[in-house]
Every structure is written in C-alpha cells, then in structure tokens.
Amino acid sequence: MPPSPFRVHGLILAALLAITAIPAGAQTGPVILAQHPGTELDRQARALVARDLADAAGSQERPVLLTGSGPVSSDPRRMALFVQLQSASLCGSAGCSTSVYLRNGHTWTRVLDSVSGPVTITPQVHGGMHDLLVDSTDRWIWNGTTYTDTQATTQPQPPERP
C-alpha cells in the first residue's frame, strides 16, 4: 500500500527543513533566511502568509519571501519554520519582521509573531524549548504555548515629590 499523501508531504517537508536549517552540525546558532522558490518549504510558507501576500499584491508589490528553519528542542520533530516577507509596505524603520511557526499535526501554529532583526536559537532552554534571541539583545522564552518576550516594558517613573 503506498504511503498517504500527508505522509509523503510530511517527509518532503522534513527533508526541506533539514536542508534549510541552521548551519550543519550546530544545535544552536543563527537562523539563516533565504529564498527557496518552488520548494515545499516555500509553498508552506506562502500559505501561512497568504493574506500579507495578497495585501502586497493589491499595492502592486511582489514581496521577497525568505524562509529558514532550526531545531527548537531536543525532539527532532520540533523544527521551527521562520518566515520573513520583504517589501516596501511590509518593512519599516526597524527592518522586516520575521514570524516563527511550529508544526502541529497537519497544521502550523504561529508561536512568535513579527520580530525584527536576526534570530538566533540559543543553548538556553525553558519549558523544553530553546530560547530565541532577536537582534542580539531581545530574549524570547517558551511558556508552554508560545514564545514570550523577557524584556520588561518601560513604564514612566512617577514624578519625584519635593
């Protein structure tokens, strides 16, 4: 009996994720984003950002889609898909934003949305998942469901009384 189409697509995706992962032999390190036109990885990423692509097309733009992957836990099935769109309308003064997705069965779940700057998978682990470092200073940790920022929001200090 031939394997199911879902199994075949899963195997193809796993192979593509391995090819586009962080540098070979590394368990942690910078996530390398690149174009992979015509691949299953590119097709999956395009489906995840279809709304942004449609909005850009409405503005007569053709964004560049960059993807990458990396192991975010010791479980090899927990590979993260990193997706970045680059275009004039989608990138701001802080640069272009990257979103991070995890595979959950046959669907993808966004676990980190719209961070700007290079992303590094760190050796530090919280909740069984590696921390992510964005732009060399902004650490994101796993809370069991999603990645959360560790930087406290700055609140204005109350005025001093004389």
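Residues numbered from 1 in each chain as written. Predicted model: local features only at pLDDT ≥ 70, side-chain atom pairs only at ≥ 80, totals over all residues. Heavy atoms only, no water.

Some details on the pairing of strand β2 (residues 64-71)
Okay, step 1: Most of β2 sits out of view: seven of its eight residues are buried.
Okay, step 2: Bridge analysis of β2 against strand β3 (residues 79-86) gives eight bridges, and the strand direction is antiparallel. Bridge pairing in β3 links Gly70 to Ala80. (Buried < 20%, exposed > 50% of the residue type's maximum accessible area, 1.4 Å probe, protein only. Helix = DSSP H or I, 4+ residues; strand = E, 2+ residues; numbered from the N terminus. Pairing = 2+ DSSP bridges.)

Overview of the confidence of the model for the chain
Okay, step 1: The pLDDT averaged across the chain works out to 81; a share of 77% of its residues lies at or above 70.
Okay, step 2: This stretch, residues 4-26, has a pLDDT under 50; its non-local contacts, to residues over four places away or in other chains, come to 36 contacts. (pLDDT = per-residue confidence, 0-100. Contact = heavy atoms within 4.5 Å.)

Description of the sheet that holds strand β9 (residues 147-149)
Okay, step 1: Pairing within the open sheet is antiparallel, and its five strands lie in the order β1-β6-β7-β8-β9. Each edge of the open sheet carries a strand with a single partner, namely β1 (29-30) and β9.
Okay, step 2: Pairing analysis gives three bridges linking strand β8 (residues 138-142) to β9, with the strands arranged antiparallel. Bridge pairing links Ile141 to Thr148 in β9.

Observations concerning the state of the cysteines
Okay, step 1: Across all of its chains, the model carries one disulfide by this definition.
Okay, step 2: What pairs with Cys91 in a disulfide is Cys96, and their sulfur atoms sit 1.9 Å apart. Looking down the S-S bond of the Cys91 and Cys96 bridge, the torsion is 100 degrees, so its handedness is right-handed.
Okay, step 3: For Cys96, a relative accessible area of 17% corresponds to the buried category. (Disulfide = S-S within 2.5 Å.)

Here's the deal with the packing of aromatic side chains
Okay, step 1: Taken as a whole and judged by the stated rule, the model has one aromatic pair.
Okay, step 2: With centroids separated by 5.2 Å and ring planes inclined at 70 degrees, the aromatic side chains of Trp142 and Tyr147 adopt a geometry described as edge-to-face. Take Trp142 and Tyr147: they sit in the same class, and that class is buried. (Phe/Tyr/Trp six-rings, centres within 6.5 Å; stacked < 30°, edge-to-face > 60°.)

Side note on the environment of Pro123
Okay, step 1: Along the polypeptide, Pro123 turns up in strand β6 (residues 119-126).
Okay, step 2: Along the sequence, Pro123 and Ser73 sit 50 residues apart, while their C-alpha atoms lie 9.8 Å from each other.
Okay, step 3: In contact with Pro123, not counting residues within four places along its chain, are Thr28 and His130.

Some thoughts on the sheet that holds β3
Okay, step 1: With respect to topology, four strands assemble into an open sheet ordered β2-β3-β4-β5, the strand pairing being antiparallel. Of all strands in the sheet, those with a lone pairing partner are β2 and β5 (107-116), marking the two edges. Recorded for the sheet is a direction-independent mean angle of 25 degrees between the axes of neighbouring strands.
Okay, step 2: Each of β2, β3, β4 (97-104) and β5 touches helix α2 (residues 40-48); the most contacted strand, β2, lies at about 110 degrees to it. (Axes fitted to C-alpha atoms, helices over the stretch in contact; angles between N-to-C directions.)

Observations regarding the pattern of salt bridges
Okay, step 1: Using the criterion set out here, one finds four salt bridges in the structure.
Okay, step 2: In this structure, Asp42 and Arg46 form a salt bridge, with 2.7 Å as the shortest nitrogen-oxygen distance. Here Asp42 and its partner Arg46 are both found in helix α2, four residues apart, which amounts to about one turn of the helix.
Okay, step 3: The exposure class of Arg46 is partly exposed, given its relative accessible area of 33%.
Okay, step 4: The partner of Arg110 in a salt bridge is Asp113, and the shortest N-O contact between them spans 3.7 Å.
Okay, step 5: Of the residues examined, Arg110 reaches a relative accessible area of 47% and is grouped as partly exposed.
Okay, step 6: When its relative accessible area of 42% is taken as the criterion, Asp113 is described as partly exposed. (Salt bridge = Lys/Arg side-chain N within 4 Å of Asp/Glu carboxyl O.)

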